[in-house]
Structures are given as structure tokens and as C-alpha cells.
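This is what each chain is made of:
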Amino acid sequence: PMPNLDLNIAFWDYDRTRPLMDGLVQFEGINSEISVLRPREIFPRMIQDQEFHVAEMSLASYVILKARDQCPFVAIPVMLSKIFRHDCIYVRPDADINKPADLRGKRVGLPQYSSTAAVFIKGLIQHEYGVAPSEIDWFMGGQDTPAFAPWVPLDLPSNIHLEFIPNDKTLERMLEVGELDALFATYLPQTFLNGSPNIIRLFPNFKEVEKDYYKRTAIFPVMHTIVIREDVLAKHPWVAASLHKGFTQAKDLVIERLYDTDALALTLPFLIDHIEETWRTFGSDFWSYDVASNRPALEAVAQYVVDQGLAPRVVGIDELFPLDKR
């Protein structure tokens, strides 16, 4: 038999990747050297230096690079991160923003103009509520610490107004003191957690809004996927199927454990309701790793990056996931 192929693989510590970290699930034919890193560390190292053979990747960055014909990776439909983003829109109570349409003409901060979270929020504001990216003044910088450089180079059209905030400022502080009207956050703002009177959610009832949105659009936003370097795939085309199988087995194992009443004795009473509600809303395969069930979200992001001046063309889903033959 052929010796196993050595690959370095980078992803974050999620419940659905832990069986791979623990060695409970292994990739067939692969000796994995796994780097467990936060996505914001992985993405620039992969995009700029192709440092890993296989890595978790921002879906929007991948789509943008594909649309620009500058992509040295091929994705497989492993959707490591999916999350609704209605709850990530924060506003100042005195900024006169009572509904999404009121964001028109306002000063809005976001940590990365091209991050998948930001792309989905801007897409939501445009396609659901009619406010185009050109109608907002954008401010990009660190949410609560100094900024990261853009993951992909930004070359925005002249009708999109984006300003980089000074390094000694943060978006949360600017919102707090009234230099911004709203914040599209990637994670829960510290000022919000601390109970500041100057920050509230645009959608306080975000759960109902998200459910209604999903019912109407079938979009469950996909944030991150898995990419393989093109040079690796050219030499070892079988790697894609092995990786997809391993990631799927790891995820399936975790989903089975959700229903293990022995393991969850402490939290089970709280979880059962959530699990049943999730099933009612999304069906039992709510975290599927395939193109078909994620198509609405994938088509949305392919359109949004064009709307937002990040990509020159809408990339077809078959081009994004050329190996998915199902």
C-alpha cells in the first residue's frame, strides 16, 4: 500500500471538528498535522502565504478570489460555520434608526468590509430592506482592539464610501461616543455586554425575525468552508473525497451525541427544546455538508460580493464547488 500523505490542516476548535482533533475520526490515507487556530489567524496566513495544505476559509474571501480569477484553492462543501446575523446589527438609541431603512445615510462601523459576516449583513440590508451599500458611510477598523488589515485587497468602486479608522480608535468606542450611528459586529460587543446605554440591537426580537427570514428565503448563512490548495489537489485528487468524508463523520458523531441522554444529563432539560425547535425549523439535517441544501446561501453570497463592489462577476456554484458531483 502507498504510504499516507502528510498534510497540514488548519481549523478552529468546534464541537464538529473535535473528533478529528482527538483522533476519534481520521482522514483516510492522510497523516494530518492539525493546527487549531482561530479563523482570523488562519485566513490571512492561507490567503496571503498559502501556508497550509488544507484550511478553514472565509466563504466570502473564497468567492471574491474566485470571481477575480486569483484563487489558488478549491473548496469542498464542508460548512464549518453557519450563523444568522440579524442579531449582529447594533445602533445608538439616539441615532434615529428604528428600522433597517433608517440606516440610509448613516455612519456604520464594521471590522472587515469583506468578511462573510459583513457581506451577509450588507446583503440582508440591501435585499430585504432596500438599502444599497452605496447609501451608507462605512468605517472599517478593530471592533474592540486595533484593526487587522483587510484579508483580501479592497478595490471598491467610487460610489462606495469606506474609511479606515485611525489605529488608536475602535469601533465600539466610536459608537459609544457618538462618532458612529451603528455597528455591524462580528461578535458580541463588550459595551453591549457591560450594559452601556449607548448601544442596542436593531432587532431586539432577532430570533423571530431570523426564523421568518429563513422561512421566506431558505438562506441559512454559511460563514466558513474548507479549501484545499490547488497544487495539492492536482497531485492527489483523491484527497478531496477523503477530507469530505472525515469532516462529515466528525460532524455526524457530534450530532448523534446531542441525543445521548447519559452524556447530557445536566444540560438536557434546556437543550431538548432547542433541538426540537431546530428540527422543526430546519429539518433533521440542519448542518448538512453538501451544495444542494446550502445552495440558497451560496447563491446569495455570490451575488452580494458583486453588489458590494468586492467582485467583478457572479461566480456559479459549480465553479465554487467543482468536486461536488451529487
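For clarity, every value in this text was computed on a predicted model and none was experimentally measured.

The rules behind each value
Residues numbered from 1 in each chain as written. Predicted model: local features only at pLDDT ≥ 70, side-chain atom pairs only at ≥ 80, totals over all residues. Heavy atoms only, no water. Pairing = 2+ DSSP bridges. Helix = DSSP H or I, 4+ residues; strand = E, 2+ residues; numbered from the N terminus. Axes fitted to C-alpha atoms, helices over the stretch in contact; angles between N-to-C directions. Contact = heavy atoms within 4.5 Å. Polar contact = N/O pair within 3.5 Å; in protein donor to acceptor, adjacent residues only side chain to side chain. Salt bridge = Lys/Arg side-chain N within 4 Å of Asp/Glu carboxyl O. Buried < 20%, exposed > 50% of the residue type's maximum accessible area, 1.4 Å probe, protein only. Lys, Arg positive; Asp, Glu negative; His and termini not counted. Expected span 1.5 Å × (residues − 1). Bend = angle between axes of the 7 residues up to and from the residue. Phe/Tyr/Trp six-rings, centres within 6.5 Å; stacked < 30°, edge-to-face > 60°. Lys NZ or Arg CZ within 6 Å of the ring centre and 35° of its normal.

Strand order in the open sheet formed by 5 strands is β2-β1-β3-β11-β4, and the pairing between neighbours is mixed. The sheet is open, and its two edges are formed by β2 (30-36) and β4 (73-82), each paired on a single side. Mean inter-strand twist for the sheet, computed between neighbouring axes without regard to direction, equals 30 degrees. Relative to strand β11 (residues 222-229), β4 runs antiparallel, the two being bridged by 6 bridges. Residue pairing across strands places F73 opposite R229, the latter belonging to β11. Against the sheet, helix α3 (residues 59-67) touches β3 (54-58), β4 and β11, its axis set at about 95 degrees to β3. Against the sheet, helix α4 (residues 116-129) engages β3 and β11, with an angle of about 135 degrees to β11.

Attention shifts here to the sheet that holds strand β10 (residues 200-201). The 6 strands are arranged β8-β7-β6-β9-β5-β10 in an open sheet whose pairing can be described as mixed. Each edge of the open sheet is held by one strand with a lone partner, namely β8 (161-164) and β10. Here strand β5 (residues 89-91) pairs with β10 via 2 bridges, running antiparallel. Paired with V91 across the two strands is I200, which belongs to β10.

Tracing the chain through its elements places K245 in helix α9 (residues 239-258). For the pair K245 and E28, spaced 217 residues apart in the sequence, the C-alpha separation amounts to 8.5 Å. At a separation of 2.6 Å, a polar atom in the side chain of K245 contacts the side chain of E28.

With that settled, the discussion passes to the pattern of salt bridges. Following the criterion strictly, the structure yields 16 salt bridges and no others. The residue R216 makes a salt bridge to D212 at a minimum N-O spacing of 3.0 Å. Of this pair, R216 and D212 both sit in helix α7 (residues 206-217), separated by 4 residues, roughly a single helical turn. Across the pair K251 and D252 runs a salt bridge, and its minimum N-O distance is 3.3 Å. A residue is classified by how much of its surface remains accessible, and D252, at 34% relative accessible area, is partly exposed. Through salt bridges that share partners, D69, R313 and E319 make up one connected network.

Our next topic: the side chain of R68. Of note, R68 is situated in the loop between α3 and β4. No salt bridge is formed by the buried R68, whose closest oppositely charged neighbour, D155, lies at an N-O distance of 6.9 Å. In this structure R68 touches V152, P153, D155, L310 and P312, once residues within four positions along its chain are discounted.

This part covers helix α11 (residues 291-307). Side chains of residues three or four places apart in an α-helix project in the same direction, reflecting 3.6 residues per turn. Look at α11: 22 Å from first C-alpha to last across 17 residues, which is about the 24 Å you get at 1.5 Å a residue. Its axis deflected by about 40 degrees at A297, α11 carries its strongest bend there. Those residues of α11 that fall on the buried side of the exposure criterion are V291, N294, A297, L298, A300, V301, A302, Y304 and V305. At its buried positions, α11 is contacted by α3, β4, α4, α7, β11 and α12 (317-320). Measuring from the backbone nitrogen of A292 back to the side-chain oxygen at the start of α11 gives 3.1 Å, which picks out D290 as the cap.

By the secondary structure assignment, H53 is in the loop between α2 (39-49) and β3. Note: C-alpha distance between H53 and L7 (46 residues apart in sequence) is 5.9 Å. For H53, the contacting residues outside a window of four places in its chain are D6, L7, N8, M46, V227, I228, R229 and V232.

Further remarks concern the packing of aromatic side chains. By the definition in use, this model includes 12 aromatic pairs. Taking the centre distance of 6.4 Å and the plane angle of 85 degrees together, the rings of F84 and Y213 count as edge-to-face. Of this pair, F84 sits in the loop between β4 and β5 while Y213 sits in helix α7; the two residues are 129 residues apart in sequence, bridging distant segments of the chain. Across the pair, exposure class does not vary: F84 and Y213 are buried alike. The interplanar angle of 80 degrees and the centroid separation of 6.2 Å between the aromatic rings of F84 and Y214 together place this pair among those described as edge-to-face. Of the two residues, F84 is situated in the loop between β4 and β5 and Y214 in helix α7; the sequence distance between them amounts to 130 residues. Since its relative accessible area comes to 18%, Y214 is described here as buried. One Lys or Arg, K122, reaches over the ring of Y113 and ends 3.2 Å from the middle of that ring.

Moving on, we get to the side chain of K82. Structurally, K82 can be placed in strand β4. Within polar-contact distance, the side chain of K82 engages the backbone oxygen of S288 at 3.3 Å. Among residues more than four places away in sequence, those in contact with K82 are F220, P221, V222, M223, F286, W287, S288 and N294.

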